[in-house]
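# Fold and geometry: a report
One-letter residues, chain by chain:
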Amino acid sequence: MTSTPLLEVKDLCVAYGKVEALHHANLKVAPGQIVTVIGPNGAGKTTMLCAIMGLLPKSSGEVSFLGRSEDGAAVEHMVGLGMNLVPEKRELFGEMSVEDNLLLGAFVNYRRGARDHGETMGRVFDIFPRLKERRAQQAGTLSGGERQMLAVGRALMAKPKLLLLDEPSLGLAPLVVKEIFRIISELKRTGVGILLVEQNARAALQIADYGYVLETGEMALEGPTKILAGDPRVIESYLGLGTCGVRV
Amino acid sequence: MDLQITLLLGQDGITNGAIYALLSLALVLVFTVTRVIFIPQGEFVAYGALTLASFQAGKTPGTLWLLAGAGILVALIDLKIALAAGARQRIARILLWNLGYPAAITVLIFLGKPEGWPLAAQVLLSLALVVPLGPMVYRLAFQPAAEASVLVLLIISVAVHLALVGLGLLFFGAEGSRTPSFSDAALQLGSITVSGQTLWVLGSSLLLIAALYQFFGRTIYGKALRATAINRTGARLMGISTVMAGKLSFLLAAAIGAFSGILIAPITTIYYDTGFLIGLKGFVAAIIGGLASYPVAAAGALLVGLLEAYSSFWASAFKEVIVFTLIIPVLLWRSLTTHHVEEEE
Ligand SMILES: Nc1ncnc2c1ncn2[C@@H]1O[C@H](COP(=O)(O)OP(=O)(O)OP(=O)(O)O)[C@@H](O)[C@H]1O
Ligand SMILES: [Mg+2]
């Protein structure tokens, strides 16, 4: 990583009450780079993303975005700077149409006077033709896979500089997973930085440039994905036979 | 009760029902977006009507001092926060809206001599004075507790209501006011006469409801408010700030309240505390809609208006009792028919 990182997380600690869920996490994402964080259930992956995004308060540490330290900034502020999260729970607007959900993804840009949401939506429909077919349907009635697509599409509507993805493959059929990962690697080419949290370690390590392994709130391992994928500890715990890519 | 009286009472009921419908929509809006049960809604009704009456009497309405005072408080708080965060670019906006705007209104009132203005201009000036109090009340009383429970927000709401009623007495005194009718025209429908003001109330209410419908269905800000009501976290992740949504919903509620007051001031004498009872009837309607459904709330409002009109004929002493007792069967029916839906995901 030679260029200035898009996102730099230093010594980030997060606690729920007195229980620390994340201890001194360090991490960097450069523009046009896919960085993945893998780890078992309850490792603190979602916690980390929420703290970076400003959804959860941090107990200590620093989050810098675009070279500026954002201390205690609220979610809305981070979104305004170009950081977007596709949350684990998706948080769609269930009683609104697919089209309105997408439109609201462009809210920040609209508020600043941009009126190109129509074109952006066209591009999102090119990526997810299924959403175009379902544009008038209520988001709450979509299938699991379609909801995932909508959540990603909605985040893309904001034209993010950094996209945080929390388990985008969760509960999806293998073919759809493949499709989602193909889309993620295509996004990378447009210069977007991507921080990808996954339990599907095999797929994540395949498309990412750099990876971290988070275990019980601590960064246990890190390295370029080619090296990480060959690490015996990773192979045993995350790529081992029988459990590969399968969510328990 | 002959047909003539039935129709007359029905006309009364529908007129009042239209006002309750407007207020109930505002209450549903504020509750779904901010979780605040907006008790002070009625004070905006009274402030709107009495501010207009003051202009017409050639007096300076006390609400002007409230606007100035609230503006100064908001400016002080927001400036302190902006300076602490090093956000200098926000300073101009804070000064403009919280000090500049009230100052401009003050100048307009003292130099413009609004008592000689046409009614429409007086109405606009009254709205321009009272409506900004909505977002200021949100900023001062509710924003600091935005994450608190519904109960805490309700307690704040009651406190704000009491404070605003007290201020209303201070500003406008204990005497009531009635403003002249918007038009003297009347419509002859068979044997009954529909007054011009009734037509104004019905027409404006329908127009306002249609406008709100368009706002929520077509504009991105309207959709943003709905999104906040549906999923607060999801909305924040789209950059729709809870504070912005809160201020916007309070702005709309204040506008609806103040305008309702102006609409009914020619029909009913408005006292500093009249708003509370009117707001409460809007609240009964909102409850019928489960504090969630706009169409059911509007239908409920019509029911409340009609019930009130007919009971004032049959048992005028028990008019209010009958209206508020309506809430009991409604709550029973609601608790029997609504199944508690599990929180989505
Ligand atoms: N709101 C909360 N209150 C208390 N503890 C919490 C809360 N949210 C998460 N935790 C705890 O923090 C730890 C980390 O949770 P987190 O959701 O970040 O894990 P994760 O790595 O995202 O797991 P998964 O892969 O299952 O999504 C877990 O032990 C969890 O029980
Ligand atoms: Mg998680």
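Above this note sits the structure.
Right, let's walk through the structure included here. (Residues numbered from 1 in each chain as written. Chains lettered and ligands numbered in written order. Predicted model: local features only at pLDDT ≥ 70, side-chain atom pairs only at ≥ 80, totals over all residues. Heavy atoms only, no water.)

Another aspect to go through is the nonpolar core. Ranked by size, the top nonpolar core spans 91 residues in total, and within it Leu7, Leu12, Ile52 and Leu195 of chain A carry the most contacts. Among all residues touching Leu195 of chain A, those that are not within four sequence positions of it are Leu7, Leu27, Val29, Val35, Val37, Leu49, Ile52, Leu162, Leu163, Leu164 and Leu165 of chain A. By size, the runner-up hydrophobic cluster in this structure holds 85 residues, among which are Phe44, Tyr138, Leu164 and Ala285 of chain B. (Core = buried A, V, L, I, M, F, W, Y, C linked by side-chain atoms within 4.5 Å. Buried < 20%, exposed > 50% of the residue type's maximum accessible area, 1.4 Å probe, protein only. Contact = heavy atoms within 4.5 Å.)

Expected angles at a metal are 109.5 degrees for tetrahedral coordination by four donors and either 90 or 180 degrees for octahedral coordination by six donors. All names here are of chain A. All of the protein donors around the magnesium ion (ligand 2) are Thr46 (OG1) and Glu88 (OE); their distances to the metal are 1.9 to 2.5 Å. In this pair, Thr46 is assigned in helix H1 (residues 45-53) and Glu88 in the loop between strand E6 (83-86) and helix H3 (98-105), connecting sequence segments 42 residues apart. You can call Thr46 partly exposed: its relative accessible area is 24%. (Donors = N, O, S within 2.8 Å, 3.2 Å for Na, K, Ca; no water. Helix = DSSP H or I, 4+ residues; strand = E, 2+ residues; numbered from the N terminus.)

Quick look at the pairing of strand E8 (residues 193-198) of chain A now. Residue and element names in this part refer to chain A. Of all 6 residues that make up E8, 6 are buried, and the element is covered over most of its length. Along E8, one buried face is formed by Gly193, Leu195 and Val197 and the opposite face, lined by Ile194, Leu196 and Glu198, is buried too. In terms of strand pairing, strand E3 (residues 34-38) meets E8 through 5 bridges, oriented parallel. When the bridges of E8 are listed, Ile38 appears paired with Glu198. One ladder, built from 5 bridges, connects strand E7 (residues 162-166) with E8; its direction is parallel. When the bridges of E8 are listed, Leu165 appears paired with Leu196. In this view, the connection linking E7 to its parallel neighbour E8 by way of helix H8 (residues 174-189) has right-handed handedness. (Pairing = 2+ DSSP bridges. Right-handed = clockwise from strand over helix to strand, strands pointing away.)

Residues and elements named next belong to chain A. Spatially, 4 strands are ordered E2-E1-E4-E5 in an open sheet, and the strand pairing comes out antiparallel. One side of each edge strand has no neighbouring strand; the edge strands of this open sheet are strand E2 (19-29) and strand E5 (68-69). One ladder, built from 2 bridges, connects strand E4 (residues 60-65) with E5; its direction is antiparallel. Bridging across to E5, Ser64 finds its partner in Ser69. Across the face of the sheet, H1 comes into contact with strand E1 (7-16), E2 and E4 while running at roughly 115° to E1. (Axes fitted to C-alpha atoms, helices over the stretch in contact; angles between N-to-C directions.)

Turning to the site of ligand 1, a few remarks are in order. Residues and elements named next belong to chain A. Near ligand 1 lie 13 residues; those nearest to it are Lys45, Thr46, Thr47, Glu88 and Gln199. Backbone polar atom of Gly44 to an oxygen atom of ligand 1: 2.9 Å apart, as the coordinates give it. Here an oxygen atom of ligand 1 sits 2.7 Å away from a polar atom, N or O, in the side chain of Lys45. Compared with its free state, where it exposes 640 Å², ligand 1 has 58% of that area covered by protein. Counting residues per element, the shell around ligand 1 draws most heavily on H1, which supplies 3 residues. Considered class by class, the residues forming the shell around ligand 1 number 4 nonpolar, 6 polar and 3 charged. (Near = heavy atom within 4 Å. Polar contact = N/O pair within 3.5 Å; in protein donor to acceptor, adjacent residues only side chain to side chain. Areas by Shrake-Rupley, 256 points an atom, 1.4 Å probe, with all protein chains shown as cover. Nonpolar A, V, L, I, M, F, W, Y, C, P; charged D, E, K, R; others polar.)

So, on to the interface of chain A and chain B. Across the contact, 26 residues belong to chain A and 21 residues belong to chain B. Summing both sides of the interface, chain A and chain B together bury roughly 2400 Å²; the carbon and sulfur share of this comes to 65%. Taken as a group, Glu76, Phe93 and Phe107 of chain A account for 26% of the area that chain A buries against chain B, more than any other trio of residues on that side. There are 2 salt bridges connecting chain A and chain B. A salt bridge links Glu76 of chain A to Arg236 of chain B, with the shortest nitrogen-to-oxygen separation between them at 2.9 Å. Counting the contacts that link chain A with chain B gives 5 residue pairs in polar contact (both at pLDDT 80 or more). Class assignment for the residues of the side of chain A that touches chain B results in 15 nonpolar, 3 polar and 8 charged. (Buried area = accessible area lost by both parts, 1.4 Å probe. Salt bridge = Lys/Arg side-chain N within 4 Å of Asp/Glu carboxyl O.)

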